[in-house]
Amino acid sequence: MTDFIAVPFYDLFQENGHVPKIREKLPALLTGVTRSILEIGAGTGLITTSLADCTPAEVFALEPSAGMRAVLLSRLAERPELLERVTVLPYDALSLDLAEPVEAMVMINVMYALEPDYRKRMWPVLAERLEPGGLLAFTWSPGGAPEPRPLQELESRRVGRHTYRVSSEITSSEAEAFTARYLYQVVEGDTVIAEEEIVGSAYRPLRETIEAELTGAGFVQAEAPEGMLGWRLG
């Protein structure tokens, strides 16, 4: 799986990006869920704690990245009331092992990282771990792979005397796959004092592709907020 994320920058930019909008959608999305939720790709826990706040359910936070889990566990340590209710799973979705099926599964900003073959193998695994009628909801970007474009700044934020900056370029694009380069920089004045470059493949499957895969795995379409897709296990 592709990971374009530089961990020190993650919370800084995500809290200023999609995360607040997702938090607004969670209560309505998870109405009636009281027992258990699996979060696939929990990252640093920005959504994990919100899942616990908007439902009484037990939360299973699946995150294969050790760096991300370190921040997630630190976040949970600041919320001692959640330590008995949130379990962190240190592996990927194909290795999912739960004692009993969950009521709902949530996957936020993860689809881009899933290679097509991995994604096709993942849906049946999730179906086995979701109770009949249970909800699978995830964010999804329409339109297929973006066209190639040169390096451009995406966002910057000031922290003390430093500016944290992220830029990206799309170097190639074909069908649902594209190759991207991300450049993370810490700048003081006109001087770059730290820099990290990440290059890899990402994926933006068409809706009809996702629908065919999920239908084949036993899911049926359900309602979901704008910017997300919802499916239930038939």
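Structure's up top.
First things first, this report covers the structure right here in the doc. Please read all numbers here as calculations on a predicted model, not as lab measurements. (Residues numbered from 1 in each chain as written. Predicted model: local features only at pLDDT ≥ 70, side-chain atom pairs only at ≥ 80, totals over all residues. Heavy atoms only, no water.)

1. Focus on the overall build of the protein
And then number 1: Within the protein one finds six helices and 11 strands.
And then number 2: In terms of overall size, the protein behaves like a compact globule, its C-alpha atoms giving a radius of gyration of 18 Å where 234 residues would be expected to give roughly 17 Å.
And then number 3: Overall, the protein is about 55 × 45 × 30 Å in size when its C-alpha atoms are taken along their principal axes.
And then number 4: In the protein, once contacts between residues fewer than 6 apart in sequence are set aside, the share between residues at least 24 apart is 64%.
And then number 5: By element, 49% of the accessible surface of the protein is carried by carbon and sulfur atoms, the whole surface being about 11,200 Å².
And then number 6: Averaging the coordinates of the 21 positive side-chain charges in the protein and doing the same for the 35 negative ones gives two points 3 Å apart. (Helix = DSSP H or I, 4+ residues; strand = E, 2+ residues; numbered from the N terminus. Rg over C-alpha atoms; globule rule 2.2 N^0.38 Å. Contact = heavy atoms within 4.5 Å. Areas by Shrake-Rupley, 256 points an atom, 1.4 Å probe, with all protein chains shown as cover. Lys, Arg positive; Asp, Glu negative; His and termini not counted. Charge placed at Lys NZ, Arg CZ, Asp CG, Glu CD.)

2. Thoughts on the sheet that holds strand β7 (residues 162–174)
And then number 1: Pairing within the open sheet is antiparallel, and its four strands lie in the order β6-β7-β8-β9. Since the sheet does not close on itself, it has two edges, and those belong to β6 (149–159) and β9 (191–203), each with one partner. In this sheet, adjacent strand axes meet at a mean angle of 15 degrees when their direction is disregarded.
And then number 2: As paired strands, β6 and β7 are joined by eight bridges and run antiparallel to one another. Bridge pairing in β7 places Ser156 opposite Arg165.
And then number 3: Strand contacts of helix α1 (residues 7–14): β6, β7 and β8 (177–188), with the helix running at about 95 degrees to β7, the strand carrying the most contacts. (Pairing = 2+ DSSP bridges. Axes fitted to C-alpha atoms, helices over the stretch in contact; angles between N-to-C directions.)

3. Focus on the sheet that holds strand β5 (residues 130–139)
And then number 1: Here seven strands make up an open sheet; going across it, the order is β3-β2-β1-β4-β5-β11-β10 and the pairing mixed. With partners counted over all chains shown, the strands left at the sheet margins are β3 (86–89) and β10 (219–222), one partner each. The average angle at which neighbouring strand axes cross in this sheet is 20 degrees, direction not considered.
And then number 2: Of the strand pairs in this sheet, β5 and strand β11 (residues 228–233) are connected by five bridges, and their pairing is antiparallel. Bridge assignment links Ala137 to a residue of β11, and that residue is Gly230.
And then number 3: Of the strands in this sheet, β5, β10 and β11 are in contact with helix α6 (residues 207–216), which crosses β11 at around 15 degrees.

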